[in-house]
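# A structural walkthrough
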Amino acid sequence: MWYRKKGNYFVHEITMLIVMSAWAVGFTAVLFMNPLSGSTQIFSNTTLRLIMNILHGIFSILALIFGLWLVSLWRPESTSFAAKSKRIALLTTIFWIASYVVGVLGFMVLHTTFFG
């Protein structure tokens, strides 16, 4: 984000490409682990845990879609990239932060007694 604010879109997009690639690999790995083949009791034994897991999934998928869209729009030496990508970059950031916040809170609900 710092590179984008400074106008260095080349470094920003190379960084985004690396991050989105790593995130797509990680997201795919989680899907292949198939946690739904076993008991899902721990993920949905309370309404709060179920809601946290659903929200985390929704925010993660939306952030991944917007992030990949942002990376796919970029072209080296593009003069219109900043204007075309501003709203997509904002949405990517919002959903990405929401995904992490809900993920951390979901972890705390699942693995600690902090929330009761």
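Above this text sits the structure in question.
Scope of this entry: the structure provided in the associated data block. (Residues numbered from 1 in each chain as written. Predicted model: local features only at pLDDT ≥ 70, side-chain atom pairs only at ≥ 80, totals over all residues. Heavy atoms only, no water.)

## Looking at the side chain of Ser 99
Mapping Ser 99 onto the fold places it in helix α5 (residues 81–111). At a separation of 2.7 Å, a polar atom in the side chain of Ser 99 contacts the side chain of Ser 60. Once residues within four sequence positions are removed from consideration, Ser 99 is found in contact with His 56, Phe 59 and Ser 60. (Helix = DSSP H or I, 4+ residues; strand = E, 2+ residues; numbered from the N terminus. Polar contact = N/O pair within 3.5 Å; in protein donor to acceptor, adjacent residues only side chain to side chain. Contact = heavy atoms within 4.5 Å.)

## Here's the deal with the nonpolar core
In this structure, Met 16, Met 20, Trp 23, Ala 63, Leu 70 and Trp 96 are the most contacted members of the largest nonpolar core, which totals 14 residues. Those elements that place two or more of their residues in this core are α2 (9–33), α4 (47–73) and α5. Here Trp 96 is in contact with Met 16, Val 19, Met 20, Trp 23 and Ala 63, once residues within four sequence places are set aside. (Core = buried A, V, L, I, M, F, W, Y, C linked by side-chain atoms within 4.5 Å. Buried < 20%, exposed > 50% of the residue type's maximum accessible area, 1.4 Å probe, protein only.)

## Quick word on α2
When the terminal C-alpha atoms of α2 are compared, their 35 Å separation across 25 residues agrees well with the 36 Å that a helix rising 1.5 Å per residue should span. Within α2 the residues assigned to the buried category are His 12, Glu 13, Met 16, Met 20 and Trp 23. (Expected span 1.5 Å × (residues − 1).)

## Thoughts on a nonpolar patch on the surface
Judged by side-chain polarity, Phe 10, Ile 14 and Ile 18 come together as a nonpolar surface patch covering roughly 290 Å² of accessible area. With respect to the helices and strands, Phe 10 occurs in helix α2. (Patch = residues over 30% accessible without salt bridge, like charges linked within 9 Å, V, L, I, M, F, W, Y side chains within 5 Å. Areas by Shrake-Rupley, 256 points an atom, 1.4 Å probe, with all protein chains shown as cover. Salt bridge = Lys/Arg side-chain N within 4 Å of Asp/Glu carboxyl O.)

## A short note on the packing of α2 against α4
Any two packed helices are characterised by the angle at which their axes cross and by the distance between the axes. Orientation of α2 relative to α4, taken along the N-to-C sense of each, is 140°, at an axis distance of 10 Å. It follows from the interaxial angle that α2 and α4 lie oblique. When you trace α2 past α4, the crossing you get is left-handed. Between α2, through His 12, Glu 13, Met 16, Leu 17, Met 20, Trp 23, Ala 24 and Phe 27, and α4, the contact on the second element is made entirely by Ser 60, Ile 61, Ala 63, Leu 64, Gly 67, Leu 68, Leu 70 and Val 71. The residue inventory of the contact of α2 with α4, partitioned by class, reads twelve nonpolar, three polar and one charged. (Axes fitted to C-alpha atoms, helices over the stretch in contact; angles between N-to-C directions. Parallel < 35°, antiparallel > 145°, perpendicular 65-115°, else oblique. Left-handed = near helix turned anticlockwise from the far one by under 90°. Nonpolar A, V, L, I, M, F, W, Y, C, P; charged D, E, K, R; others polar.)

## Section: the packing of aromatic side chains
A complete count under the given rule lists four aromatic pairs for this structure. Centroid distance Phe 66 to Trp 69: 6.1 Å. Interplanar angle 20°. Geometry classified as stacked. Here Trp 69 and Phe 66 lie together in helix α4, a separation of three residues that amounts to about one turn. Taking the centre distance of 5.8 Å and the plane angle of 0° together, the rings of Phe 66 and Phe 95 count as stacked. Of this pair, Phe 66 sits in helix α4 while Phe 95 sits in helix α5, and the two are 29 residues apart along the sequence. Like Phe 66, the residue Phe 95 is buried in the burial classification. By the ring-pair criterion, three or more aromatic residues cluster together here, those being Phe 59, Phe 66, Trp 69 and Phe 95. (Phe/Tyr/Trp six-rings, centres within 6.5 Å; stacked < 30°, edge-to-face > 60°.)

From the geometry alone we can't say anything about function, so treat these as descriptive.
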